[in-house]
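Survey of secondary and tertiary structure
So you can see what is in the structure, the chains are spelled out below.
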Amino acid sequence: MVKVGLDTNSPENQAGYDGDASYDATGFSQLHDSGTGGGASLSNFKLMPLAECYSFEECPVAIYSRSTPRKTRSNGSPDDFGSPGYFASNLSTDIRVELTASRRTALHRYTFPASSRKPRIVIDITNDALKSNTDPVVKIDPVSGRVTGGASFAASFGPGRYRAYTCVDFKGQGYNIPAVSEYGVYLGDHPEKYSTTFTQLYSGFRSEMGALVGFPPSSNVTHQPTIILARVGVSFISSEQACYNAESEIPDFDFDGTWEKSRTAWNELLGRVQIDTRGVDDDTVKLLYSSLYRTHIVPADYTGENPNWNSTEPYYDSFYCNWDTYRTLYPLMSLHDPVEFARIVRGMINVQQHEGWLPEGRSGTQPLYIQGGSNGDPIVAEFFVKYHEHAEALNVSADALYSSLVADAENEPVDWDVRGRQAETWKKYNYIPSDVNAPGGANTKQVSRTLEYAFDDFTVAQVANILNKTNDFIKYSRRASNFLNVWNPHLSLPGRPDIKGMVQPRLANGTWAYTDPRHCSPNDPDHATCYLDAINKDGFYESSPMVYVPQDTAKLIELQGGTDAFIKRLDLLFQEGYFDVANEPSQQIPFMYHYANRPGLSTQKSREIIAEYYTTAVSGLPGNDDSGAMGSYAVFYLAGMYPLPATRQFLLSSPYFPKISFFNPFLNTTTTFKTNGFKGNPENGTGGKVFVESVKIDGKPWKSNCYLDWDVFLQGSTIELELTDDIHVTCGNTPDALPPSLSTGVITIGQ
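Our subject in this report is the structure included herewith. What you see is a predicted model, and the numbers here were worked out from it, not measured in a lab.

Digging into the packing of aromatic side chains
- Here the structure, examined in full by the defined rule, presents 38 aromatic pairs.
- Site record: aromatic cluster; members linked through ring pairs are Tyr-330, Phe-341, Phe-383, Tyr-387, Phe-636, Phe-650, Phe-662, Phe-673, Trp-710 and Phe-713.
- Its guanidinium or amino end placed over the ring of Trp-710, Lys-386 lies 5.8 Å from that ring's centre, counting from NZ or CZ.
- Stacked on the ring of Trp-512, the Lys or Arg Arg-506 has its end atom at 4.5 Å from the ring centre.

Written out as structure tokens, the structure reads:
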């Protein structure tokens, strides 16, 4: 839950931090969401050390007046350091800041310079990332210096508000602090010495309130620095709960011990993926593990911190948002972290049981705006398709899981902008018409929601099939084909009559509306937005009519006139900029050549994307990380795979390593990929001995060069890939060598 880190005054600080040294530190806060878009979220309860003030009353406590530059290195980068479980920064005031954390508690270590006669620390109660506080409360214990408080804040990408609390204690390292030497509450930029409590109801969101605490230096000897430890508990329940969290999780203020526990946990988790690095450059290795690390930051384990209802089930938050992460993050979790995945699914089901629908977006215990469909469905379905035989052992109820899916599919909420679907309209028309205004949400992104609802129903069908619910399987499989109802076969790309057939908005009477196929691409003549906007009536969200990835690629090939036409359109998507690597609807597109029996083109295109868009530099991601969506996407590409959620198939390419293995601690199995004839990775992603010519599983020839079944991970297998430099490789010589699609029979159990 706690993700303690540096906040800066950069306008691009969605997760608090900015690696550009021109932006100053504004504090070190405890709560962050990772790699999100939308409004900046959380960043609650900033601490800021002050080396020297002329007097207590004149200390700069407001966020802008206390802002402090960081020291820089010779290359101009900030003098910061980070590794899993640890962060450090050297400020221009000669204060060194070090941070580590347990689940709900942060531990700060501030090393003040020897010249600091009155080391002081600001505890900011009110400045979240949006500066949205109301009803703040702060209290200081005049003896121990303990600071407690809390406030209400806006839930970022949604209409709700949440309340958060903190509890901050201090301890000297290497010396005892018998009592704080100074303390006081501040309002605005004005500390009031020896005041101990303040409560104010604000009519706006701009006032600031917090505490300022001062300490005696560790020694009168000028060459001795003063080291202060600040333990910061956080809770969404109460200040008392925040204090309990801190006292129970880090009772002894042991910074190095806390850091080591965190480091050990991260090493075990990341160590479940092992690689052979021979012939692989260091940046590729760093990219793999950095990307894998980021996939485990959210959703966050808020168990015990849900203020909305009491439950013994796990509670997870920071789903920001499922529309971004369902495609690759959870299928990656299936490979190596099923126990945590099961807890997340249990938590999602528990949300549905109390709120009526699976969560789509969530932050600060509040629902966020829906981007696509009810995209909790493919997440819980992904778990069940992979682990239905082990669901009971993982404490996941099959009945409760299926009930949660059916609730999303069938029941329309009063506020389908933040949960569930526009279900009644969906069931009535089998698409979302552009001219049906229904209460509960904004009449927008109708085509995108049609595609997402269809995929959501596809995932429900897969679970129904496993549970032998034959009628439901048939019903939801049919609804999974509803994307066909927004396919206009007569529409061509302007200037390209050979590129014919597009998804388009449609009216309730069945007639077509029109959205320029170039919409939301670099070729859009109107430069239209494709983001969440209630007045956006074009029908699309973060994708153009040219970019779509439903579950039935075989049907798309048929609709587009066959494999040659399909390949031509895929080529055009890349050549003319319709492919948008930063938006999730594009993620599968580089691998779609597989379905046209040209896997070599998929391999080359996916490698060119890694070469062009991913580096280990500060700005080495295509856009933000979307809560681990881009990180998990990179891991799959580097491992030579792409998943289709809620199926048992993984599209196959070649890994960037001579050997890569995935250890599953629940199943106690290891699945290893070996690349025979590995000759390294071409720097620009083009050419090389990287194309899969044949596949063996546990020494036996496999039927396809294009996909694997989940069984290889369930059992623990060795997959040997014979590589060639011939880009014209195919999937194989039999009909079942092609990856399956809905219209060709995606069967989850492997018949």
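Quick look at the nonpolar core
- Formed by 129 residues in total, the largest nonpolar core has its most connected members in Phe-383, Leu-401 and Phe-662.
- The element best represented in this core is helix α10 (residues 446–466), accounting for 11 residues.
- With residues near it in sequence (within four places) discarded, Phe-662 still touches Arg-272, Val-273, Leu-332, Leu-335, Ala-639, Met-641, Thr-669, Thr-670, Thr-671, Phe-673 and Phe-713.
- Of all hydrophobic cores here, the second largest spans 64 residues; its members include Leu-31, Leu-47, Ala-51 and Tyr-162.

Comments concerning the packing of helix α6 (residues 338–355) against helix α8 (residues 398–410)
- At a minimum axis distance of 10 Å, the contact between α6 and α8 shows a crossing angle of 55 degrees. Looking at the two axes, α6 sits oblique to α8. Crossing of α6 over α8 shows left-handed handedness. Contacts between α6 and α8 involve Val-345, Ile-349, Gln-352 and Gln-353 on the former and, on the latter, Ala-400, Leu-401, Ser-404 and Ala-407.
- Here the contact of α6 with α8 is built from residues that sort into five nonpolar, three polar and no charged.

As for the side chain of Glu-305
- Within the element layout of this structure, Glu-305 appears in the loop between β18 (300–301) and β19 (316–317).
- Using a relative accessible area of 0% as the deciding quantity, one classes Glu-305 as buried.
- Here the side chain of Glu-305 touches Arg-104 through a polar contact of 3.3 Å, side chain to side chain.
- In this structure the side chain of Glu-305 is engaged in a polar contact, spanning 2.9 Å, whose partner is the backbone nitrogen of Phe-236.

Concerning a negative patch on the surface
- On the surface, Asp-281, Asp-282, Asp-283 and Glu-683 cluster together into a patch of negative charge.
- With respect to the helices, strands and loops of the structure, Asp-281 is situated in the loop between β17 (273–276) and α3 (282–294).

Some words on the pairing of strand β13 (residues 190–193)
- In this sheet, β13 lies alongside strand β12 (residues 182–187) in antiparallel orientation, the contact comprising four bridges. The residue of β13 that forms the bridge with Val-185 is Glu-192.
- Hairpin connection, β12 to β13: the antiparallel pair is bridged by two residues, and Gly-188 has positive phi, about 65 degrees.

Description of the state of the cysteines
- One pass over the full model with this rule turns up three disulfides.
- Each sulfur in the disulfide pair Cys-53 and Cys-59 lies 2.1 Å from the other. Taking the sign of the S-S torsion, about 115 degrees here, the bridge from Cys-53 to Cys-59 comes out right-handed. The residues Cys-53 and Cys-59 share a single accessibility class, namely buried.
- Shown here is the disulfide that connects Cys-706 with Cys-731, its sulfur atoms set 1.9 Å apart. The sign of the -80 degrees torsion about the S-S bond sets the Cys-706-Cys-731 disulfide as left-handed. Of this pair, Cys-706 sits in the loop between β29 (700–701) and β30 (707–709) while Cys-731 is found in the segment after β31 (718–724), placing the two residues 25 residues apart along the sequence. Exposure class is identical for Cys-706 and Cys-731. Each is buried.
- The disulfide pattern of the protein is 1-2, 3-4, 5-6 when the bonded cysteines are numbered in sequence order.

Thoughts on the pattern of salt bridges
- Under the defined criterion, the tally for this structure stands at 43 salt bridges.
- Between Arg-146 and Asp-169 there is a salt bridge, and its shortest N-O distance comes to 2.7 Å. Here Asp-169 lies in strand β11 (residues 161–172) and Arg-146 lies in the loop between β9 (134–140) and β10 (147–154), a separation of 23 residues in the sequence.
- For Arg-146, a relative accessible area of 23% puts it in the partly exposed group.
- Of the charged contacts, one joins Glu-410 and Lys-475 as a salt bridge, the two residues approaching to 3.2 Å between their closest N and O atoms. Residue Glu-410 is located in helix α8, and its partner Lys-475 is located in helix α11 (residues 470–480); the two are separated by 65 residues in the primary sequence.

Rules behind the numbers
- Residues numbered from 1 in each chain as written.
- Predicted model: local features only at pLDDT ≥ 70, side-chain atom pairs only at ≥ 80, totals over all residues.
- Heavy atoms only, no water.
- Phe/Tyr/Trp six-rings, centres within 6.5 Å; stacked < 30°, edge-to-face > 60°.
- Lys NZ or Arg CZ within 6 Å of the ring centre and 35° of its normal.
- Core = buried A, V, L, I, M, F, W, Y, C linked by side-chain atoms within 4.5 Å.
- Buried < 20%, exposed > 50% of the residue type's maximum accessible area, 1.4 Å probe, protein only.
- Helix = DSSP H or I, 4+ residues; strand = E, 2+ residues; numbered from the N terminus.
- Contact = heavy atoms within 4.5 Å.
- Axes fitted to C-alpha atoms, helices over the stretch in contact; angles between N-to-C directions.
- Parallel < 35°, antiparallel > 145°, perpendicular 65-115°, else oblique.
- Left-handed = near helix turned anticlockwise from the far one by under 90°.
- Nonpolar A, V, L, I, M, F, W, Y, C, P; charged D, E, K, R; others polar.
- Polar contact = N/O pair within 3.5 Å; in protein donor to acceptor, adjacent residues only side chain to side chain.
- Patch = residues over 30% accessible without salt bridge, like charges linked within 9 Å, V, L, I, M, F, W, Y side chains within 5 Å.
- Areas by Shrake-Rupley, 256 points an atom, 1.4 Å probe, with all protein chains shown as cover.
- Salt bridge = Lys/Arg side-chain N within 4 Å of Asp/Glu carboxyl O.
- Lys, Arg positive; Asp, Glu negative; His and termini not counted.
- Charge placed at Lys NZ, Arg CZ, Asp CG, Glu CD.
- Pairing = 2+ DSSP bridges.
- Disulfide = S-S within 2.5 Å.

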